[in-house]
Amino acid sequence: MEYIYIKRSADDNIIADYKERFEKKTLEELVDAYNKETKCGIVGVHQQALYLIALKEEFKERLYESPVYLEDYVLGLVGEIELVN
């Protein structure tokens, strides 16, 4: 599941808004939000890409890695995840 991300001028503000919401969620809620995205897949909507980028940032801040990746404009998901311990 991948999406070619092309940044738009308003993206940073939208990502920051999503990120602020994610900061208030538990790790379990973040995992649930991520797994929900893996079930529907990346559908090619720019707004979903912004949501996933914010989710990626929150995972990286909390766990130092993320199941969402963004490499050379390619945004993707590694598949469902689960919390251990």
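One structure accompanies this document, and this report is about it. Predicted, not measured: the structure shown is a model, and the values here were computed from it. (Residues numbered from 1 in each chain as written. Predicted model: local features only at pLDDT ≥ 70, side-chain atom pairs only at ≥ 80, totals over all residues. Heavy atoms only, no water.)

## Section: the pattern of salt bridges
At step 1: Taken as a whole and assessed by the stated rule, the structure comprises five salt bridges.
At step 2: Here K7 ties to D12 by a salt bridge, and the two come within 3.1 Å at their closest N and O atoms.
At step 3: Residue D12 is classed as partly exposed on the basis of its relative accessible area of 45%.
At step 4: Ionic pairing is found between K19 and E58, a salt bridge with its closest N-O pair at 2.5 Å. Here E58 lies in helix 3 (residues 46-63) and K19 lies in helix 1 (residues 11-23), a separation of 39 residues in the sequence. E58 matches K19 in its accessibility class, with the two residues each being buried.
At step 5: What emerges from the salt-bridge pattern is a single network uniting K19, E23, E58, E61 and R62. (Salt bridge = Lys/Arg side-chain N within 4 Å of Asp/Glu carboxyl O. Buried < 20%, exposed > 50% of the residue type's maximum accessible area, 1.4 Å probe, protein only. Helix = DSSP H or I, 4+ residues; strand = E, 2+ residues; numbered from the N terminus.)

## Some details on the sheet that holds strand 1 (residues 2-4)
At step 1: With antiparallel pairing, three strands are arranged side by side in an open sheet as 1-3-2. Bordering the open sheet on either side are strand 1 and strand 2 (68-71), each of which pairs with just one other strand. Averaged over all pairs of adjacent strands, the angle between their axes in this sheet comes to 20 degrees, without regard to strand direction.
At step 2: As paired elements, strand 1 and strand 3 (residues 74-77) share three bridges and run antiparallel to each other. Its bridge partner lying in strand 3, I4 is registered against V74. (Pairing = 2+ DSSP bridges. Axes fitted to C-alpha atoms, helices over the stretch in contact; angles between N-to-C directions.)

## Topic: the pairing of strand 2
At step 1: Two elements, strand 2 and strand 3, share four bridges in a ladder whose sense is antiparallel. Its bridge partner being in strand 3, L70 is matched across the sheet by L75.
At step 2: Between the end of strand 2 and the start of strand 3, which pair antiparallel, lie two residues, with D72 showing a positive phi angle near 50 degrees.

## Quick notes on the environment of L52
At step 1: By the secondary structure assignment, L52 is in helix 3.
At step 2: Distance in space between the C-alpha atoms of L52 and L70 is 9.6 Å, their sequence separation being 18 residues.
At step 3: Look past the residues within four positions of L52 in its chain and what remains in contact with it is E37, I42, V68, L75 and L77. (Contact = heavy atoms within 4.5 Å.)

## Structural notes on the side chain of D11
At step 1: If you trace the backbone, D11 turns up in helix 1.
At step 2: Buried charge D11 goes without a salt bridge, the closest partner of opposite sign being R8 at 5.5 Å. (Lys, Arg positive; Asp, Glu negative; His and termini not counted.)

## Comments concerning the environment of A33
At step 1: Within the secondary structure layout, A33 lies in helix 2 (residues 27-40).
At step 2: Separated by 19 residues in the primary sequence, A33 and L52 have C-alpha atoms spaced 9.7 Å apart.
At step 3: Setting aside residues no more than four positions away along its own chain, A33 makes contact with Y51 and L55.

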